[in-house]
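For reference, the chains in residue letters:
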Amino acid sequence: MTEVVVHSAARSVGTGPSDEEWAAAVAAIRQRAPSGEVQLICHVNPDGDALGSMLGFALGLRRLGVSRMRATFPGPFEVPEPFAELPGIDLLVPEQDAYADPGLVIVFDVAAESRLGPLVDRLDRAEATVVLDHHASNTRFGGINLVDEHAAATSVVCEELLDRLDVPLDREIAECLYVALATDTGSFRFDMTTPRVHEMAARLIATGLRPGEISRRIFDTRPFGAMKLFAEVLGRAALDPTAAAGHGMVWTYATLDDLRRHHQRPYVMDALIDPVRTVAEADVSVVVKQVAEAEWAVSLRSKGAVDVSGVAVALGGGGHRLAAGFTGRGAPGDVVAVVREHLELFLT
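To keep things clear, this report deals only with the structure shown in the data block.

Rules behind the numbers
- Residues numbered from 1 in each chain as written.
- Predicted model: local features only at pLDDT ≥ 70, side-chain atom pairs only at ≥ 80, totals over all residues.
- Heavy atoms only, no water.
- Buried < 20%, exposed > 50% of the residue type's maximum accessible area, 1.4 Å probe, protein only.
- Helix = DSSP H or I, 4+ residues; strand = E, 2+ residues; numbered from the N terminus.
- Pairing = 2+ DSSP bridges.
- Contact = heavy atoms within 4.5 Å.
- Phe/Tyr/Trp six-rings, centres within 6.5 Å; stacked < 30°, edge-to-face > 60°.
- Lys NZ or Arg CZ within 6 Å of the ring centre and 35° of its normal.
- Expected span 1.5 Å × (residues − 1).
- Salt bridge = Lys/Arg side-chain N within 4 Å of Asp/Glu carboxyl O.
- Axes fitted to C-alpha atoms, helices over the stretch in contact; angles between N-to-C directions.
- Parallel < 35°, antiparallel > 145°, perpendicular 65-115°, else oblique.
- Nonpolar A, V, L, I, M, F, W, Y, C, P; charged D, E, K, R; others polar.

## Some thoughts on the pairing of strand S3 (residues 104-108)
Okay, step 1: Of all five residues in S3, five are buried; the element is thus mostly enclosed.
Okay, step 2: Burial of the side chains of S3 extends over both faces: Leu 104, Ile 106 and Phe 108 are buried on one face and Val 105 and Val 107 on the other.
Okay, step 3: Alignment of strand S1 (residues 38-42) against S3, held across five bridges, turns out to be parallel. Within S3, the position partnered with Val 38 by the bridge is Leu 104.
Okay, step 4: Relative to strand S4 (residues 128-133), S3 is paired through five bridges, and the arrangement is parallel. Of the residues in S4, the one forming a bridge with Phe 108 is Leu 132.

## Notes on the environment of Ala 226
Okay, step 1: Looking at the secondary structure, you find Ala 226 in helix H8 (residues 224-235).
Okay, step 2: A relative accessible area of 0% means that Ala 226 is categorised as buried.
Okay, step 3: The spacing of Ala 226 and Gln 264 is 38 residues in sequence and 6.4 Å in space, taken between C-alpha atoms.
Okay, step 4: Setting aside chain neighbours within four positions, we find Ala 226 in contact with Gln 264 and Val 268.

## Some words on the packing of aromatic side chains
Okay, step 1: A full pass over the atoms with the stated rule returns four aromatic pairs.
Okay, step 2: Ring centres of Phe 73 and Phe 77 lie 5.9 Å apart, and the angle between their planes is 20°; on these two criteria the pair is classed as stacked.
Okay, step 3: Overall, Phe 73 belongs to the buried group, its relative accessible area being 1%.
Okay, step 4: A relative accessible area of 43% places Phe 77 in the partly exposed class.
Okay, step 5: Just above the ring of Tyr 253 sits the side chain of Arg 236; from NZ or CZ to the centre is 4.6 Å.

## Some details on helix H1 (residues 19-32)
Structurally, the α-helix is built with 3.6 residues per turn, so residues lying three or four positions apart point the same way.
Okay, step 1: The first and last C-alpha atoms of H1 sit 20 Å apart over 14 residues, in line with the 20 Å expected at 1.5 Å per residue.
Okay, step 2: Where H1 is concerned, the buried positions are Glu 21, Trp 22, Ala 24, Ala 25, Val 26, Ala 28, Ile 29 and Arg 32.
Okay, step 3: Among the structural elements, helix H2 (48-63), S3, S4, strand S5 (144-147) and helix H4 (154-164) are those in contact with the buried residues of H1.

## Focus: the pattern of salt bridges
Okay, step 1: Taken as a whole and judged by the stated rule, the model has 21 salt bridges.
Okay, step 2: Between Asp 166 and Arg 30 there is a salt bridge, with the nearest N and O atoms lying 3.5 Å from each other. On the criterion of sequence distance, the pair formed by Asp 166 in the loop between H4 and helix H5 (171-184) and Arg 30 in helix H1 is long-range, its members being 136 residues apart.
Okay, step 3: With a shortest N-O distance of 3.3 Å, Arg 32 and Glu 127 are connected by a salt bridge. With Arg 32 in helix H1 and Glu 127 in the loop between helix H3 (121-125) and S4, this residue pair connects regions lying 95 residues apart in the sequence.

## Side note on the packing of H4 against H5
Okay, step 1: Axis separation between H4 and H5 bottoms out at 9 Å; the angle between their running directions is 150°. One element, H4, and the other, H5, form an angle in the roughly antiparallel class. Residues Ser 155, Val 156, Cys 158, Glu 159 and Leu 162 of H4 touch H5, and the partners they reach there are Ile 173, Leu 177, Ala 180 and Leu 181.
Okay, step 2: Residue classes in the contact of H4 with H5 are distributed as seven nonpolar, one polar and one charged.

Right, here's the structure in full:
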């Protein structure tokens, strides 16, 4: 990797990208994107913010005349059904079709290199790398890091960079960024839903979006089999009122056999955390979702008493104060026991 690395030690942590970092990102894109190969990458098992931010930015680059551009993510090439109709979906390729030696790599919604899987080698092969993210746990692994932990979604950072590149919003770009913003704010219900978030949503809607239609597709539509799966998994939920120094923890788990039995794809399990986190007697909610033999994707949520990002980072993952995750190994009960042991270490 031959790029100039922009350091930000002179500014305080948590203030968002500096003017120097914004300028470096704009320069890297203007210098390399028009003529070189541009590889866009988001994290494994991409969610709405990862896909929406990446595809929205890709459409913005297309507006700048960038023609040699591909977007991808590590792992199985499976796009969750709610996001299958996003504009720019034609730019997605399987990880094996990613450019081998791109001139520019732009990474979206990734807090650590481990979330890039086998695509991590593109960071060293590229002439320049730019990371766009909003996770407080971001390790600043890129050459240029546009990380704003106060942003509600990575799409907030994307919109700012597109503006600095003089790319106007159109309806297709706006739809991608709106999906990203809406999903990471829980349809504008989470604490990160600030005036800044609503102002951005207004700008996106002003391009002609139909929020009701998008919300039905993203939040309010799932197969009948998924409903039956949810009923079964929620039926095995357990409440531990003494966890987290008495603030309480509720948890459940879903297996690959559950998916097979109800004929569902893995992405449907991502929404399981939403009904679990509503339990009144628990501050912390945990959903353990099987991804392989003795391997589990663990989703953590807190209502404020526990910094679950601290728990997740301690266990090899990352995220935000109220929403985080990590990969656990062993039996579901063993994974949750480890989480429980860490909760009191991260009381807020």
